[in-house]
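If you want the building blocks of each chain, they are given just below.
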Amino acid sequence: MALNTPFNTLPDSNTATFRTDSRTFFDREDSQREGEILSSFISAGGLHGITSSLTSNAFTTVAHVPERINQISASITYPTSTTNICWVIISSQNAVIPSWTRVGTTAYYFLAQGEGQTVPIPQILPANSAWLMRVAITGGAITTVTDLRRPASYVNAGVYNPMDMLYGAVGDNATNDTAAIQRAIDGASASSGIVYIPSGTFRIVPGTPTNDEGGSLTVAFVMRSNMHIRGDIGATFRIADSQSTNGAPKALGMFFTNAVLHDISIRGLIMDMNGVNNLQNGTNYNQSHISVSGTPGGVAARIDGMTLENNQFLNTAGTNCIVMAQSNTVGVTLGSRWTVRNNYFWNNGRDVTDFTAVYGWANKVLMEGNTLGKDDSLLPNTGAVVGYEVHGADQRIVNNLFVNFYRGMWVSSNLTSPIANIVIANNTFKATTAYGVDFDRPSANAQPIFNVVIANNIFEINDTNVPVQKVAVQMVTPYTVRDVLITGNVASKTDATISSIFVALSTPAAAVSPVTDITISGNEAYGFLGGVSLTSSSAVGMGRISVKDNLFHDLTVVGGSTPVGISVTPTSGTITSVEMTGNRIINAGYGIRLTGTISTVSVKANSYASITTANYDDSGATIANKHGDFDGTWTPVLNGFTQVLGGGAITPTGTYRKRGGLVTLTAKLSCTGGATLAAIAGTTSFLSNLPFTPGVNGAGTWVNSSTVADHGAVLASGTALYIATAWAADSKVWDITVTYPVVGE
């Protein structure tokens, strides 16, 4: 039909009813002209509720299909059936539509089908009709009503706008827009449509009571599968004042589910929990922007396929911004495929002492490009306690900024699957008040943690808060954490009031199994009391640790404690092996200091500068095997000699230098006060108490500096060095240098 041809008959200007006829003509013409260009839509009503019978409540509908239909209040009685699905439309045909049942003389029609029918559309929509709903019949009752209405905003722009006249949101920060937005969500989700949120502030009043693992809570929006929300610039959901107060604290949620959902996205939305005006008297209730949680004793909720991008999460007074899931039941299925990208989390956890911005209880998570933190005015004891918690496998936490957090990240367990293949890279932990990345595997049910990479992050630690010790990367866990690579990070510590370590690995007294296979390589740390600290207070000790190619410099005295580049000090148990290779340690008290029991130590190609006490000291350690490069002191014991004291004293001292498989010892015996030392003619003389086990039949040379004599080949036997020929000389000072190969090198 040409645009200049009317749909309806032009009114006769010669009749008395011309004015009324003209108004009717233009109403119909406008509606039908719009219908020619656009699809059918619903502008008001069009839904009934659930009932305990087969007859619905009466409902009205205003539709454009394409002409305007104003269906007065009417109810629908569905056919008797134990289980049935009915599709409901409104139509202007005013006639029989094949396969469809007309409700009396109304414009309502329904099509009854079996439960196995696909969702949401069973067949092609009849002409001059619009979808209303999908109705589920179970046991002679209307049990579910799914919204299939399309608003004018959909036919105009392909979106579901809660400010459409069908839904009725206002966005003036005064009107309660919660129900209108939920209606838009329900309608859009049924057809995988997009909910478009215009600019404006929408006042949100949580009014739906529900339950999660923590107990009861009241939420604003119930999430649906295929829910997709897009916010325009400045689109803001703001929780109304006084939904929770110090006198009547409540657990709240903006978006919530305790079901199993899939394919959800929220982009460009400002979510403001208005925590200053919704306090909770420090009760540590959850008041999250987005929460997924099972019910106590029930099946854990989850979402498979969630995208949160370019949103703002602001001002919760509660314990979380995002909870990907939570469950106390062993073996439940975790959600997967979460993307949290380019969001802004600020000034959250305002009235709690236990807060985590993002609780990552899911697998296959990408947490990228987000900013998380709080204003300095909220320091030190409220707000940003933990930025992100890892509780699932295959997670990448990259390129994020964490500001003013007590603990930037926590890598912990769940009760279902291992925490494996975790990448924490290129993040900045700014103004961190306690820990950068912390590990926790607290119980036997907690799943293993392994294959973790912590790479190329920036850690800035300060003394704002006062824990016992501040640490950039910490593992203090009673159960094994293994296969962790800490590499390419740069860490700095400002202030010198509180003890601090770049990487601290510790086995607590109650530990059941040790951390092992931890590699710390290619990092730079400065301003700390220590670079790396390995300790154990448990009989299980610690496993294999590698510390190589790091730069630790400008280490700082704290409270009289001596700064140490690498400290290995187990007080209980044995550390299996420690490799320390290629490290540079500058401006410290000790370069490397070892005490306690260690099975194998490997030290090679480390360099030291401006060390005040010792480059390397293992005088307090019991070490079964030593490999690599060492410099130190030892106390030689000479056997096969006659010591003539003569009232004086003989003082043995010695040094050693080991490079690769060859060790050079010096042994000096100073005879004072008339004491003399003489070899026993015809006997074999030897040195014992050697710091390294000689190689079998290894060759070596003894040089006595008094006589500058070569006393023959050195033969190895056990832990002693024997001389091939006897000594007959004596002297007041014996100064001997011995070089020999070492077992196992």
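Higher on the page you've got the structure.
Please read all numbers here as calculations on a predicted model, not as lab measurements.

The rules behind each value
Residues numbered from 1 in each chain as written. Predicted model: local features only at pLDDT ≥ 70, side-chain atom pairs only at ≥ 80, totals over all residues. Heavy atoms only, no water. Pairing = 2+ DSSP bridges. Helix = DSSP H or I, 4+ residues; strand = E, 2+ residues; numbered from the N terminus. Axes fitted to C-alpha atoms, helices over the stretch in contact; angles between N-to-C directions. Phe/Tyr/Trp six-rings, centres within 6.5 Å; stacked < 30°, edge-to-face > 60°. Buried < 20%, exposed > 50% of the residue type's maximum accessible area, 1.4 Å probe, protein only. Lys NZ or Arg CZ within 6 Å of the ring centre and 35° of its normal. 1 Å grid on protein atoms, 1.4 Å probe; cavity = no way out; pocket = protein on both sides within 12 Å on 5 of 7 lines; lining within 4 Å. Points joined across faces, edges and corners; volume = space filled by probe spheres on them. Nonpolar A, V, L, I, M, F, W, Y, C, P; charged D, E, K, R; others polar.

### A look at the sheet that holds strand β1 (residues 41-45)
Hydrogen bonding along the main chain pairs the strands of a sheet, whether they run parallel or antiparallel.
Phase 1: Across the sheet, 3 strands lie side by side as β1-β2-β3; this open sheet has antiparallel pairing. In this open sheet, the two edge strands, each paired with only one partner strand, are β1 and β3 (68-74). The sheet shows a mean angle of 20° between the axes of neighbouring strands, direction not considered.

### Side note on the packing of aromatic side chains
Phase 1: The tally for this structure, following the rule as stated, stands at 19 aromatic pairs.
Phase 2: Each ring, one from Y344 and one from W346, has its centre 5.5 Å from the other, and the planes form 10°; the classification is stacked.
Phase 3: Of the residues examined, W346 reaches a relative accessible area of 15% and is grouped as buried.
Phase 4: Ring plane angle 5° and centroid distance 4.9 Å describe the contact between F429 and F459, whose orientation is recorded as stacked. One end of the pair, F429, is in strand β33 (residues 428-432); the other, F459, is in strand β36 (residues 458-461), and 30 residues separate them in sequence.
Phase 5: Feature note: the residues F202, F221, F237 and F255 constitute an aromatic cluster, connected by ring pairs.
Phase 6: Directly above the aromatic system of F450 lies the positively charged group of R482, at a separation of 4.2 Å from the ring centroid.
Phase 7: Here the basic side chain of K626 rests over the ring of F630, its NZ or CZ set 5.0 Å away from the ring centre.

### A look at empty space enclosed by the protein
Over the atoms, a rolled probe matching the size of one water molecule traces out where space is still vacant.
Phase 1: In total, this model carries 1 cavity of 30 Å³ or more according to the counting rule given.
Phase 2: Its volume calculated, the largest cavity comes out at about 30 Å³.
Phase 3: If you go around the largest cavity, the residues you meet are F345, W346, N348, F355, A357, G373, A384 and F405.
Phase 4: For the lining of the largest cavity, the per-class residue count stands at 6 nonpolar, 2 polar and no charged.

### Some words on the layout of surface pockets
Phase 1: In this structure, the largest pocket occupies an estimated 730 Å³ of space.
Phase 2: Mapped by element, the contributors of at least two residues to the lining of the largest pocket are β13 (215-222), β22 (320-323) and β25 (356-360).
Phase 3: As a volume, the second largest pocket reaches approximately 600 Å³.
Phase 4: The wall of the second largest pocket is formed by 28 residues, among which V145, T146, D186, S189 and R224 lie closest to the centre.
Phase 5: Those elements that place two or more of their residues in the lining of the second largest pocket are β8 (141-147), α3 (178-190), β12 (208-212), β13, β16 (252-257) and β17 (260-267).

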